[in-house]
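Descriptive analysis of the structure
Residues per chain are reported as follows:
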Amino acid sequence: MQDTDLSFEYSEVQAVIKGDILSIKNPAGGFIKADNIGEIILDENKFSGAACKIMCAERAV
């Protein structure tokens with residue numbers, strides 16, 4: 001996912017990424033785990049009740 005930004009917007013996802021993600025925006029649900037996540041964007045356009053667990057290799061967000 002080299003140079004990926006604004007990934008997983010409005011998606012139900014179950015992802016384990018070996019590498020870095022520049023940014024994640026408004027995921028709808030599931031989980032995302034990556035070696036490094038630069039930015040997590042949760043704005044007023046996210047789905048109501050969205051619940052996605054986001055984890056970096058060293059810490060949970």
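Up top is the structure these notes are about.
Now for a description of the structure that goes with this document. (Residues numbered from 1 in each chain as written. Predicted model: local features only at pLDDT ≥ 70, side-chain atom pairs only at ≥ 80, totals over all residues. Heavy atoms only, no water.)

**Overview of the overall build of the chain**
When helices and strands are tallied, the chain shows zero helices and three strands. Taken from the N to the C terminus, the helices and strands of the chain come in the order β-β-β. Taking all 61 residues of the chain together, 34% fall into the buried category. Counted over contacts in the chain with a minimum sequence separation of 6, partners at least 24 positions apart contribute 9%. (Helix = DSSP H or I, 4+ residues; strand = E, 2+ residues; numbered from the N terminus. Buried < 20%, exposed > 50% of the residue type's maximum accessible area, 1.4 Å probe, protein only. Contact = heavy atoms within 4.5 Å.)

**Overview of the pattern of salt bridges**
Across all of its chains, the model carries two salt bridges by this definition. In this structure, the salt-bridge partner of E9 is K25, at a minimum N-O distance of 3.8 Å. Placement of the pair is E9 in the segment before β1 (12–25) and K25 in strand β1, with a sequence separation of 16 residues. Assessed through its relative accessible area of 30%, E9 is described here as partly exposed. Here D43 and K25 are joined by a salt bridge, their closest N and O atoms 3.8 Å apart. (Salt bridge = Lys/Arg side-chain N within 4 Å of Asp/Glu carboxyl O.)

**Here we look at unusual backbone geometry**
The backbone of F8 sits at a positive phi, close to 70 degrees, despite the residue not being glycine. Tracing the chain through its elements places F8 in the segment before β1.

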